[in-house]
Amino acid sequence: MSIHRFDCIDAHTCGNPVRLVKTGGPELKGSNMAEKRQHFIKEYDWIRRGLMFEPRGHDMMSGSILYPPMDSNNDIGILFIETSGCLPMCGHGTIGSVTIALEEDIITPKVPGQIRLETPAGLVEIEYRLTENKKVEWVKLTNVKSYLAASELTIASTALGELEFDVAYGGNFYAIFDTQPNFSGLQDFSASELIRFSQEIREKINLKYPDRFIHPEDNTIRNVSHIMWSGDTLSQEATARNAVFYGDKAIDRSPCGTGTSARMAQWHAKGRLSIGETFVHESFIGSKFEGRVEQETTLLGETAIKPSIKGWARIYGHNTITIDEDDPYAYGFQV
Ligand code: PYC
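Each value, and the rule that gives it
Residues numbered from 1 in each chain as written. Predicted model: local features only at pLDDT ≥ 70, side-chain atom pairs only at ≥ 80, totals over all residues. UniProt positions renumbered as here; feature names shortened; annotations may be inferred. Domains from an automatic or database assignment. Contact = placed C-beta atoms within 7 Å. Buried ≥ 20, exposed ≤ 12 C-beta atoms within 10 Å, placed from the backbone. Helix = DSSP H or I, 4+ residues; strand = E, 2+ residues; numbered from the N terminus. Pairing = 2+ DSSP bridges. Arc of directions from axis to C-beta. Near = placed C-beta within 6 Å. Nonpolar A, V, L, I, M, F, W, Y, C, P; charged D, E, K, R; others polar.

An unreviewed UniProt entry lists the protein chain under the name 4-hydroxyproline epimerase, with Ulvibacterium marinum as the source organism. What the UniProt record of the protein chain gives under Sequence similarities (unreviewed entry) is the line "Belongs to the proline racemase family."

Provide a residue-level description of the domain arrangement of the protein chain, including the pertinent values.
Split into domains, the protein chain comes out as domain 1 (3–140 + 314–324) and domain 2 (146–300). Computed from C-alpha atoms alone, the centre-to-centre distance between domain 1 and domain 2 is 24 Å. Counting residues at the interface gives 20 residues for domain 1, matched by 23 residues for domain 2.

Describe the pairing of strand 13 (residues 224–231), naming the residues involved and giving the relevant values.
Strand residues, when the strand is regular, have side chains that alternate between the two faces of the sheet. Most of strand 13 sits out of view: seven of its eight residues are buried. With five bridges joining them, strand 10 (residues 173–177) and strand 13 adopt parallel strand pairing. Following the sheet pairing, Phe177 is matched in strand 13 by Trp229. As paired elements, strand 13 and strand 14 (residues 240–246) share five bridges and run antiparallel to each other. Bridged to Gly231 within strand 14 is Arg241.

Residues and numbers for helix 1 (residues 33–43), please.
Helical geometry note: an α-helix holds 3.6 residues per turn, so side chains three or four residues apart project in the same direction. Buried residues of helix 1: Met33, Lys36, Arg37 and Phe40, and no others. Taken around the axis of helix 1, the buried residues stretch over an arc of 105°, which confines them to a single face. In helix 1, those exposed residues whose orientation departs by more than 90 degrees from the buried face are Lys42 and Glu43. Residues of helix 1 that are buried sit in contact with helix 2 (45–52), strand 3 (62–67), strand 4 (76–82) and strand 5 (114–119).

Before we move on, can you summarise the pairing of strand 5 with the specific residues and values?
Where strand 4 lies against strand 5, two bridges are found, and the strand directions are parallel. Looking at the pairing, Gly77 lines up with Glu118 of strand 5. Counting the residues between successive antiparallel strands, the hairpin from strand 5 to strand 6 (residues 122–130) contains two residues.

Got a sec to walk through the site of the ligand? Specific residues and values, please.
Within the structure, the ligand sits among Ser62, Leu87, Cys90, Gly91, His92, Tyr246, Asp252, Ser254, Cys256, Gly257, Thr258 and Gly259. Elements represented by at least two residues in the shell around the ligand include exactly helix 3 (91–103) and helix 5 (257–269). Considering every element that reaches the shell around the ligand, the biggest residue donor is helix 5, with three residues. The residue inventory of the shell around the ligand, partitioned by class, reads four nonpolar, seven polar and one charged. Residue assignment places the shell around the ligand across two domains, with domain 1 (3–140 + 314–324) and domain 2 (146–300) each supplying three or more.

Could you give me a rundown of the environment of Cys86, with the residues and numbers involved?
Within the element layout of this structure, Cys86 appears in the loop between strand 4 and helix 3. Overall, Cys86 belongs to the buried group, with 20 C-beta atoms counted inside 10 Å. Separated by 58 residues in sequence, Cys86 and Val144 have C-alpha atoms that sit 17 Å apart. The residues touching Cys86, leaving out its near neighbours within four places in the chain, are Arg37, Phe40, Ile41, Arg48, Leu79, Phe80 and Ile81.

This is the structure:
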């Protein structure tokens, strides 16, 4: 029986956790982070389960492992680990991991103020600003190409009735539910109600629309993984508010980076958001990301956007975690 040791640094991005695994991550095979992600899923998923699920983690737990870049023009590669699996891209995870990596001297960017990050979903370009005492004030990421994949689809919710939704990609596929006759807005529901609605709806969407949502350049990125609910904003500076469901029981405490990208792609496609316009997205708990459509582009001939997201993170702990094979809950559990 072995004991596996992981030195982790814990932080949160606008309220949502990020556990960066500094040592103990496995060596992975592959010529890019998408291939390395597949290798991790096949052989090392026990690490994700052990570090993300209870008793070492919780429903919202999310983290990352850093790798040397495969292209020498880039600074670092990243693998996202979460209760929901290994996401192709995670916005709050990127902002938290970059903050940790800079403040803890884990990386030295080739060009100060900029980081070229290899993610499983593609290259993400980052800008950041340090304060005088070398803390990261903010991180801005320019995300992978994002697009509206479908609009005005319908699904039946047992609790709410017939609902209309759009699907957009921002590094993961999101089913977006705007307010409508059968859904008055997230402000009228508790987190546990939204979780219950989302669990049923996500399963039904992927059954009703099988193989409909597949990334045109990477068929390992498929299906609706996240549900976004809209509602009234809490503060006047916010353009919109969301509650994003992920994993089996999580509502994102941050405004969700890939979700904000997906939503900006949806709004841009529907003529509600212009290039360069600021989009302040507010989370379930009221924290905010500043988003922007940086440019219009194409993805295999279809219209897409390059969105950017700006947010902040704070480190709150240094944590040596062990997974003892002799522990009945070595690989975590879910209730
Ligand atoms: O920020 O992209 C994000 C994210 C995905 C799941 C939770 N947060």
